[in-house]
Amino acid sequence: MTRVRTTRTPDGRRLEVSHVMSIPAGVAWDALIDTTTWPDWSPTIHGVESTDRRIRTGTTGRVRLPGVWVPFEITSCTERRWTWRVTGIPAAGHRVDDLGDGRCRVAFELPLHQAGYTPVSLRALENLETLLEDDAVAVQ
């Protein structure tokens, strides 16, 4: 199930773009915090240079967007939720909810002023699901 809704987060009101996946929560979380996978699922990130391969609060670096490198900082990384600032501006939060039975909900929490990023977030969720399903098949 895919949904787009306004919700309250620890960072205030956000637009939540989410998708339920038949993937264990830990597997989805690992893909979201591993900077080497970001270009594999994000339609806008084409490269990453980071102080940490697996992000944590305080991780810094830069991401390559079409035509430009921009700095980022991870502002919070807690139990299955992380937020960041890109070029100093609050950007999407990322969250994984464990639904049990090998399923999870992956959610991107967009600041309301970034509602135009919704189609990109939907594509990122599709890409992430495909990546993780392909990885699961390869392991079997």
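Below is a short write-up of the structure. Per chain, the residues get numbers from 1 upward, laid out in the order the sequence is written. A pLDDT threshold of at least 70 governs which residues receive local features in this predicted model, and a stricter bar of 80 or more applies before side-chain atom pairs are shown or counted, although totals over entire chains, interfaces and linings include all residues. With hydrogens and water excluded, all non-hydrogen atoms of the structure serve as input to the side-chain values.

**Remarks on the packing of aromatic side chains**
- The rule is short: rings of Phe, Tyr and Trp, with Trp giving its six-membered ring, pair when the centres are within 6.5 Å, and they are stacked under 30 degrees, edge-to-face over 60, tilted in between. All told, the structure shown has 6 aromatic pairs when counted by the stated rule.
- Ring plane angle 20° and centroid distance 5.9 Å describe the contact between Trp41 and Phe108, whose orientation is recorded as stacked. Of this pair, Trp41 sits in helix α2 (residues 38–41) while Phe108 sits in strand β9 (residues 103–111), placing them 67 residues apart in sequence.
- Taking relative accessible area as the criterion, Trp41 reaches 4% and is therefore assigned buried.
- Relative to Trp84, the ring of Trp82 lies with its centre 5.4 Å away and its plane at 80°, an arrangement referred to as edge-to-face. Only DSSP runs of H or I with at least four residues qualify as helices, and only runs of E with at least two residues qualify as strands; both kinds are numbered from the N terminus onward. Accessible area is worked out with a 1.4 Å probe on protein chains only. A residue is then buried under 20% of its type maximum, exposed over 50%, and partly exposed in between.

**Re the nonpolar core**
- Residues Trp38, Trp82, Trp84 and Val106 are the most contacted members of the largest nonpolar core, which totals 33 residues.
- Of all the secondary structure elements, the ones that give two or more residues to this core are β2 (12–21), α1 (25–33), α2, β5 (68–78), β6 (81–86), β9 and α3 (118–139).
- The leading source of residues in this core is α1, at 6 residues.
- Here, two residues are considered to be in contact whenever any of their heavy atoms come within 4.5 Å of each other. Excluding residues within four positions of it along the chain, Val106 makes contact with Val17, Ser18, His19, Met21, Ala28, Leu32, Arg95, Val96, Leu125 and Leu128. Within this scheme, the nonpolar core is defined by two criteria: the residues are buried Ala, Val, Leu, Ile, Met, Phe, Trp, Tyr or Cys, and they are joined through side-chain atoms within 4.5 Å.

**A look at the environment of Asp134**
- Structurally, Asp134 can be placed in helix α3.
- The sequence separation of Asp134 and Arg81 amounts to 53 residues, and the corresponding C-alpha distance is 24 Å.

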